[in-house]
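Examination of the molecular architecture
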Amino acid sequence: MTVATATAGRPEIQAALVLLAGLGLTPAGLDVAAAETRRPVPTFTEYVPKVKEAVTSGTLKTYGTYWHRLVERWPDKRLTEPTTLDLITLGKKIRSGRVVRRNGRGGAGAEENYVAAIRCLYKFAVNDGVITEAESAAARVAKPKRTASTRSALPDDRSTAHPWLLGPLAPRRV
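Along each chain, residues carry numbers from 1 onward, in the same order as the chain's sequence is written. Only residues with pLDDT of at least 70 get local features here, since the model is predicted, and only at 80 or more are side-chain atom pairs given and counted; chain-wide, interface and lining totals rely on the full set of residues. As a convention, hydrogens and water are excluded, and side-chain values are obtained from all of the structure's heavy atoms.

1. As for the overall build of the protein
Per the convention used, a helix needs a DSSP run of H or I reaching at least four residues, while a strand needs a run of E reaching at least two, with both numbered from the N terminus. Looking only at helices and strands, the protein has eight helices and zero strands in total. Start at the N end of the protein and walk to the C end: the helices and strands fall as α-α-α-α-α-α-α-α. Relative accessibility under 20% of the residue-type maximum defines a buried residue, over 50% an exposed one, and the middle range a partly exposed one, all with a 1.4 Å probe and only protein chains included. Residue burial in the protein is summarised as follows: out of 174 residues, 27% are buried. We call two residues in contact whenever any of their non-hydrogen atoms come within 4.5 Å of each other. Restricting to contacts in the protein with at least 6 residues of sequence separation, those with at least 24 account for 62%. Counting only carbon and sulfur atoms, one obtains 57% of the accessible surface of the protein, whose full area is about 12,200 Å². The Shrake-Rupley method, run with a 1.4 Å probe sphere, supplies the accessible areas, and residue values consider only the shown protein chains as cover.

Structure (structure tokens):
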């Protein structure tokens, strides 16, 4: 089978061949051997402990629970196997399973920390040469929008009723 018969009716392959020709390459000249000698991508179980050793205690305290959930959910999956949709779905599951508090914001903080945790993990993998930037599904996961603050200033009638709130700036009553 020739290249011409293999590409008949396949405009995407023809476009790729034109691109290769423009770069001075042929399909036979592509370095397939280099791709085959690449070391295998580690699983979450293999890679997460290495990242845990490399980060500070504060980062580990913030992201460790999310990395643990990745290992629990996908112990034998390679870092390149979960899709962006898989990562987003897990983030929504973490958001729905959050601890409900009186001043909570619907789990937005938990989901935001999860996204930061997976981005950190995948950034280490890219920097180590374990995966490429294009293989990082976490790079395509958007952080959730932050909700508006529930904090507000005291109304004027409440702040003047308690001069101790303003300290030396409190208006003096004569």
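On we go.
2. A few points about the confidence of the model for the protein
Scored from 0 to 100, pLDDT records how confident the predictor is in each individual residue. Mean pLDDT over the protein stands at 80; residues scoring 70 or higher make up 72%. Per-element averaging of pLDDT across the protein places helix 3 (residues 32–36) at the bottom with 55 and helix 4 (residues 44–54) at the top with 96.

3. Concerning the packing of aromatic side chains
Any pair of Phe, Tyr and Trp rings, taking the six-membered ring for Trp, is counted once the centres come within 6.5 Å. Such a pair is stacked with planes under 30 degrees apart, edge-to-face with planes over 60 apart, and tilted for the rest. Counting across every chain of the model gives four aromatic pairs. Taking the centre distance of 5.8 Å and the plane angle of 35 degrees together, the rings of F44 and W74 count as tilted. You can see F44 sitting in helix 4 and its partner W74 sitting in the loop between helix 5 (57–73) and helix 6 (84–96), a full 30 residues away along the chain. With respect to class, F44 is no different from W74; both count as buried. Connected via pairs of aromatic rings, a cluster forms that spans F44, W74 and Y122.

4. What about the nonpolar core?
Counting residues in hydrophobic clusters, the biggest one holds 31 residues, and the most contacted among them are W67, L70, L79, L87, Y114 and L121. Of all the elements in the fold, those that place two or more residues in this core are helix 4, helix 5, helix 6 and helix 7 (108–128). Looking at this core element by element, the count peaks at 11 residues for helix 7. Ignoring sequence-local partners within four residues, the contact set of Y114 consists of Y66, L70, L87, L90, G91 and I94. To define a nonpolar core, start from buried Ala, Val, Leu, Ile, Met, Phe, Trp, Tyr and Cys residues and group those joined through side-chain atoms within 4.5 Å.

5. Brief notes about helix 6
A helix is expected to reach a length of 1.5 Å times the quantity of its residues less one. Compared with an ideal rise of 1.5 Å per residue, which puts 13 residues at 18 Å, helix 6 spans 19 Å between its outermost C-alpha atoms and is within 8% of the ideal. By the burial criterion, the buried members of helix 6 are T84, L87, L90, G91 and I94. Looking straight down helix 6, one finds that the buried residues subtend no more than 130 degrees of arc, so they occupy a single side. Along helix 6, exposed side chains directed more than 90 degrees from the buried face belong to L85, K93 and S96. Arc, as used here, means the arc of the directions from the helix axis to the C-beta atoms.

6. A few points about the side chain of E112
Mapped onto the secondary structure, E112 falls in helix 7. Here E112 falls in the buried class, since its relative accessible area comes to 16%. With residues near it in sequence (within four places) discarded, E112 still touches K143, P144 and R146.

7. What about the environment of S136?
For S136, the location among the structural elements is in the loop between helix 7 and helix 8 (156–161). Assessed through its relative accessible area of 4%, S136 is described here as buried. Sequence separation between S136 and R119 is 17 residues, and the spatial gap between their C-alpha atoms is 8.6 Å. With sequence-adjacent residues up to four places away left out, S136 is seen in contact with Y122, V126 and I131.

8. Focus on a nonpolar patch on the surface
A grouping of L19, L23, L25 and L30 is seen on the molecular surface, where their side chains present a nonpolar patch of about 380 Å² in accessible area. Considering the arrangement of structural elements, one finds L23 in the loop between helix 2 (11–22) and helix 3. Patches were defined on residues exceeding 30% relative accessible area and lacking a salt bridge, with like-charge contacts within 9 Å and nonpolar side-chain contacts (Val, Leu, Ile, Met, Phe, Trp, Tyr) within 5 Å. Salt bridges are counted wherever a side-chain nitrogen of Lys or Arg sits within 4 Å of a carboxyl oxygen of Asp or Glu.

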